[in-house]
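Working through the structure, step by step
Given next are the chains, with one letter for each unit.
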Amino acid sequence: MLSPELGHYALALACIFAAAQGVFPLIGAHRRDRRVMMLAPGLAIGQLIGLAVSFLCLIYAAVTNDFSVQNVAANSAVSKPLLYKITGVWGNHEGSVLLWALILGICGAAVAAFGRNLPTALRARVIAVLGLVAAGFELFCLTTSDPFARVWPAPMDGQGMNPLLQDPGLAFHPPILYTGYVGFAVPFAFAIAALMEGRVDAAWGRWVRPWAVAAWCFLTCGIALGSWWSYYVLGWGGYWFWDPVENASLIPWLTGTALVHSAIVVEKREGLKIWTVLLAIATFSFSLSGTFLVRSGILNSVHAFANDPARGIFILGLLAAVIGGSLALFAYRAPALTAGGLFAPVSREGALVLNNILLCSICAVVVTGTMYPPFMSLLFDRTISVGKPFFDATTIPLALPLFMFMGFGPMLPWKRAQLWPVLQRLWIAALLTALACAVAFYGVSGVLPALSCAVAVWIIAASITDIVERIKLFRMPLAGSLQRARMLPRSIFGTALAHAGVGVTVLGLAAMSQAQHKIVDVPIGTTEHLAGYDWTLQKVEQEPGPNYTAMVATLEVRHNGKIVTVMHPSKRSFNSQNQTTTEVSIHTNLLSDLYGVLGDKHGTDAAPTYVLRLHYNPLAPWMWLGALIMALGGALSLSDRRMRVGAPRRARNAPTSTVTAA
């Protein structure tokens with residue numbers, strides 16, 4: 001039977017497996033004992049089985065309303081819908097940490113299963129590093145964040161889940177986001193293993209890149225899903241960027257993007273080796289730091305976990321061990337790695353270096369803006385706020401040149417290039433950008449939004465031009481171009497698609513600066529005018545829900561006298577939590593969103609008035625559509641046979657970056 005005790009003991013067994021996984025393979029690699037190194041895959045799979053059993057036990061306790069489990073009593077209720085009983089397992093601190101450990105176990109088992117072409121010592125070291133990190137999180141679960149802790153006497157019903165989390169978008173947001181966070185543990189483990197082994201070469205870059213791309217895809221989707229949730233659930237009428245907890249996920253995304261590009265240089269040219277290793281360490285370190293910030297109480301946010309300081313101290317110790325230890329190893333071993341892959345400033349490598357510099361500069365700005373307020377409060381007891389104006393003023397000047405160089409970077413040859421021939425091939429893209437710039441400055445309010453529209457068109461047009469040039473479209477018979485397209489590696493199409501996705505997202509962000517809105521307090525039957533639409537409040541009714549009661553409005557929207565849509569924004573009251581939430585109503589045609597929010601009721605029952613918040617958001621869906629396109633581009637690159645088959649075997653006498661093995 002899937003009892004809480006079984007889950008607790010399975011978690012403890014997984015922790016033992018993780019500790020053994022972290023110790024024995026390292027000993028075997030140090031002694032060059034193949035038999036001991038071959039224990040690593042079995043230990044990784046054993047750890048995963050223990051974590052899977054533990055997680056299933058927690059889900060079973062939630063589904064069967066076992067309120068003797070403190071976690072279930074605090075986050076579930078009898079009336080809670082089944083979907084949210086399941087997904088609510090990771091909608092709290094204890095369950096989310098167990099989910100993190102489970103995904104980390106999956107990563108270790110995946111390396112064990114799919115890393116058979118890796119050298120035995122490297123594979124053992126990678127799995128060992130993943131085991132050590134997993135052991136830390138599982139120990140965290142067992143000591144300060146036990147999801148199976150009992151409560152006695154058991155209540156008849158639970159307190160219920162935070163109503164804001166009872167939404168499909170946020171139900172699936174944590175697993176996707178955590179997969180991105182934890183996925184970067186694999187490049188981190190490869191980096192630590194490479195420092196221990198003292199070897200970084202093209203084969204290492206080929207092994208690292210698929211894991212980095214996969215983690216980046218999940219993190220992109222996770223951030224987009226969280227942003228979309230805040231758009232349609234919180235009812236703020238716009239994307240919710242620059243929130244501290246969202247910044248905690250944006251920071252590793254920026255360095256992860258730099259890592260993906262830097263690994264290409266290692267694979268293709270055996271350059272940027274030290275830089276790539278540092279990026280792999282930094283990206284996972286930022287992922288861990290985000291976990292600490294969310295759970296320590298340092299950051300105040302709607303979706304931060306409020307927990308006791310003991311948990312924050314434990315995570316801080318884990319951070320010190322992982323980040324401090326890895327940086328110390330890097331400082332000790334990296335100087336001995338020989339540089340390679342010389343290249344001219346104007347080259348594909350040079351463009352990727354510039355890309356990395358700008359991405360890391362933006363990351364530094366976001367880190368500063370996010371951490372400055374809590375440090376000021378901690379050190380000087382001063383409360384300050386760093387908001388959207390600061391981030392916009394500091395990141396946009398760095399982002400615009402980054403977007404400009406994205407256009408021609410993929411078309412530059414390796415090692416040494418001439419800039420003028422590349423610009424000649426991009427003349428159509430440049431012409432379209434100039435036209436877009438002229439239209440934007442005429443029809444868009446503000447210089448920065450207009451420039452953003454122009455660079456977005458530049459990115460999309462340049463991405464298309466890259467493919468057109470590679471298949472020689474319009475320069476040879478169509479059949480020949482199609483044949484060349486079939487012969488192109490999928491990673492080429494994936495890169496173009498991901499870059500075009502960036503352009504789509506930038507267009508959405510720029511257009512949202514032109515959004516229109518109004519807040520009114522009106523009686524039933526009133527018509528308001530906004531953005532050429534007539535919004536009429538027809539009625540407001542009370543409707544029961546599974547574990548709430550709702551006040552639902554009927555809002556009719558007309559354009560030139562014709563009905564466009566009938567919207568039903570609502571307010572839900574959850575009695576068990578004594579909490580009220582808003583349910584936004586959105587009508588979209590992918591070019592714009594009509595967005596309605598129902599607010600408070602005023603006046604008397606005989607003559608009530610209702611607060612309405614109305615928005616017209618142009619190109620709003622493009623922000624998340626662009627993120628989806630980016631992730632699809634990464635997935636298309638992963639489907640490339642060269643990425644799936646793995647790295648070529650290392651040549652015994654090939655020149656590599658080496659130091660004395662640890």
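All residue numbers here refer to positions counted from 1 along the written sequence of the relevant chain. Totals for whole chains, interfaces and linings use all residues, but because this is a predicted model, local features are given only for residues with pLDDT of at least 70 and pairs of side-chain atoms are given and counted only at 80 or more. With hydrogens and water stripped out, all remaining heavy atoms of the structure feed into the side-chain values.

**Focus on the overall build of the protein**
The helix and strand labels rest on DSSP assignments: H or I over at least four residues marks a helix, E over at least two residues marks a strand, and numbering proceeds from the N terminus. Within the protein one finds 22 helices and 12 strands. We compute the radius of gyration over the C-alpha atoms and compare it with the globule rule, which gives 2.2 Å times the number of residues raised to the power 0.38. Taken over the C-alpha trace, the protein has a radius of gyration of 27 Å; the compact-globule value for 662 residues is 26 Å, and the two agree within 12%. Taking the principal axes of the C-alpha coordinates as reference, the protein spans close to 90 × 75 × 55 Å. Remark: exposure states derive from per-residue accessible area (1.4 Å probe, protein chains only) relative to the maximum for the residue type, with buried under 20%, exposed over 50%, and partly exposed in between. For the protein, with 662 residues in total, the buried portion stands at 55%. Here, Shrake-Rupley sampling with a 1.4 Å probe gives the accessible areas, and only protein chains in the shown set may cover a residue. Summed over all atoms, the accessible surface of the protein reaches about 28,500 Å², with 66% contributed by carbon and sulfur.

**Remarks on a nonpolar patch on the surface**
Surface patches are defined over residues having more than 30% relative accessible area and no salt bridge, joining like charges when they lie within 9 Å and nonpolar side chains (Val, Leu, Ile, Met, Phe, Trp, Tyr) when within 5 Å. A side-chain nitrogen of Lys or Arg and a carboxyl oxygen of Asp or Glu constitute a salt bridge if their distance falls within 4 Å. On the surface, Met-1, Leu-2, Leu-6, Leu-56 and Tyr-60 cluster together into a nonpolar patch covering about 500 Å² of accessible area. By the secondary structure assignment, Leu-6 is in helix α1 (residues 4-31). For Leu-6, a relative accessible area of 35% translates into the label partly exposed.

**Considerations on the domain arrangement of the protein**
Domain boundaries shown here were taken from an automatic or database domain assignment. The domains assigned to the protein are domain 1 (1-166), domain 2 (168-406), domain 3 (407-512) and domain 4 (516-621). One C-alpha centre belongs to domain 2, the other to domain 3, and the line joining them spans 27 Å. Contacts between domain 2 and domain 3 engage 24 residues on the former and 23 residues on the latter. Accessible area that two parts lose when put together, with a 1.4 Å probe and added across both, is what the buried area reports. Interface of domain 2 and domain 3: buried area, both sides summed, is about 2,100 Å²; carbon and sulfur atoms make up 72% of it. Ranking the residues of domain 2 by area buried against domain 3 places Arg-348, Phe-403 and Met-406 at the top, with a combined share of 34%. In this assembly, domain 2 and domain 3 are joined by 0 salt bridges. Two N or O atoms count as a polar contact when they lie within 3.5 Å, although within protein this holds only if one can serve as hydrogen donor and the other as acceptor, and sequence-adjacent residues are included solely when both atoms are side-chain atoms. Applying the counting rule to domain 2 against domain 3 returns 9 residue pairs in polar contact (both at pLDDT 80 or more). In what follows, a contact means two residues having at least one pair of non-hydrogen atoms within 4.5 Å.

**Overview of the pattern of salt bridges**
Enumeration over the complete set of coordinates arrives at 18 salt bridges. As a salt-bridge pair, Glu-528 and Lys-518 come within 3.2 Å of each other at their nearest N and O atoms. Of this pair, Glu-528 sits in strand β3 (residues 527-530) while Lys-518 is found in strand β2 (residues 516-523), placing the two residues 10 residues apart along the sequence. With relative accessibility at 17%, the residue Glu-528 sits in the buried group. Lys-518 gets classed as partly exposed once you look at its relative accessible area, which sits at 24%. Arg-558 is paired through a salt bridge with Glu-556; the nearest N and O atoms lie 2.8 Å apart.

**Topic: the pairing of strand β10 (residues 592-603)**
With 4 bridges joining them, strand β9 (residues 585-588) and β10 adopt antiparallel strand pairing. Looking across to β10, one finds that Ile-586 is bridged to Tyr-595. Only when DSSP finds a minimum of two bridges between them are two strands counted as paired. Between the end of β9 and the start of β10, which pair antiparallel, lie 3 residues, with Leu-590 showing a positive phi angle near 75 degrees. Bridge count between β10 and strand β11 (residues 608-618): 10 bridges; the pairing is antiparallel. The partner of Tyr-595 across the bridge, within β11, is His-615. Two successive antiparallel strands, β10 and β11, enclose a turn made up of 4 residues.

**Some thoughts on the sheet that holds β10**
Strand pairing in a sheet relies on backbone hydrogen bonds, with the paired strands running either antiparallel or parallel. Ordered in space as β2-β11-β10-β9, the 4 strands form an open sheet in which the pairing is antiparallel. Here the strands that pair on one side only, and so sit at the sheet edges, are β2 and β9. Ignoring strand direction, the axes of neighbouring strands in this sheet form an average angle of 20 degrees. In this structure, β2 lies alongside β11, joined through 8 bridges in antiparallel fashion. Across the sheet, residue Asp-521 finds its bridge partner in β11, namely Val-611. Inter-axis angles, ranging from 0 to 180 degrees, are taken between N-to-C directions of lines fitted to C-alpha atoms, where helices are fitted over the stretch in contact.

**Notes on the nonpolar core**
Grouping buried Ala, Val, Leu, Ile, Met, Phe, Trp, Tyr and Cys residues that are joined through side-chain atoms within 4.5 Å yields what is termed a nonpolar core. Ranked by size, the top nonpolar core spans 150 residues in total, and within it Phe-190 and Trp-204 carry the most contacts. The element contributing the most residues to this core is helix α10 (residues 202-232), with 15 residues. Other than its neighbours up to four places away in sequence, Phe-190 contacts Leu-118, Leu-122, Val-126, Trp-204, Trp-207, Val-208 and Trp-211. Listed in part, the 17 residues of the second largest apolar core include Ala-553, Leu-594, Tyr-610 and Leu-612.

**A short note on the packing of aromatic side chains**
Two aromatic rings, taken as a pair, are described by how far apart their centres are and by the angle between their planes. Geometry of aromatic contacts follows a simple scheme: Phe, Tyr and Trp rings, the Trp one being its six-membered ring, pair when their centres are within 6.5 Å, and the pair is stacked under 30 degrees between planes, edge-to-face over 60, tilted otherwise. For the structure shown, the criterion picks out 15 aromatic pairs. An angle of 50 degrees between the planes, with centres 4.5 Å apart, marks the rings of Trp-228 and Tyr-232 as tilted. A residue pair is termed a helical-turn pair when its members lie 3 or 4 positions apart in one helix, as Trp-228 and Tyr-232 do in helix α10 at 4 residues. Each ring, one from Tyr-533 and one from Tyr-616, has its centre 6.0 Å from the other, and the planes form 35 degrees; the classification is tilted. One end of the pair, Tyr-533, is in strand β4 (residues 533-544); the other, Tyr-616, is in strand β11, with 83 residues separating them in the sequence. The rings of Trp-100, Phe-137, Tyr-178 and Tyr-181 are connected pair by pair, giving a single aromatic cluster. Throughout this description, the term charge over a ring refers to an Arg CZ or Lys NZ atom that lies within 6 Å of the ring centre and within 35 degrees of the ring normal. In this structure, Arg-348 packs its charged tip against the face of Trp-414, placed 4.9 Å from the ring centre.

**A closer look at the state of the cysteines**
Put simply, a disulfide is two cysteine sulfurs that come within 2.5 Å. Inspection of every chain in the model, using the stated rule, returns 0 disulfides. Looking at Cys-15, it has no disulfide partner, and the nearest cysteine sulfur is the one in Cys-141, 9.3 Å off. The exposure class of Cys-15 is buried, given its relative accessible area of 12%. Not engaged in a disulfide, the cysteine Cys-437 finds its nearest cysteine sulfur in Cys-453; these two sulfurs lie 9.5 Å apart. The exposure class assigned to Cys-437 is partly exposed, which follows from its relative accessible area of 23%.

**Considering the packing of helix α6 (residues 93-114) against helix α7 (residues 120-143)**
Contact geometry for α6 and α7: axes closest at 9 Å, N-to-C directions at 165 degrees. As the angle between them shows, α6 and α7 are arranged roughly antiparallel. Here α6 and α7 pass one another in a crossing that is left-handed. Listed contacts from α7 to His-93, Val-97, Leu-98, Trp-100, Ala-101, Leu-104, Cys-107, Gly-108, Val-111 and Ala-112 of α6 are Arg-123, Val-126, Ile-127, Leu-130, Val-133, Ala-134, Phe-137, Glu-138, Phe-140 and Cys-141. Residues are grouped as follows: nonpolar covers Ala, Val, Leu, Ile, Met, Phe, Trp, Tyr, Cys and Pro; charged covers Asp, Glu, Lys and Arg; every other residue, Gly included, is treated as polar. Looking at the contact of α6 with α7, its residues break down into 16 nonpolar, 2 polar and 2 charged. Working rule for angles: under 35 degrees goes down as roughly parallel, over 145 as roughly antiparallel, 65 to 115 as roughly perpendicular, anything else as oblique. Each helix crossing is assigned a hand: it is left-handed if the near helix lies turned anticlockwise from the far helix by less than a right angle, otherwise right-handed if that turn is clockwise.

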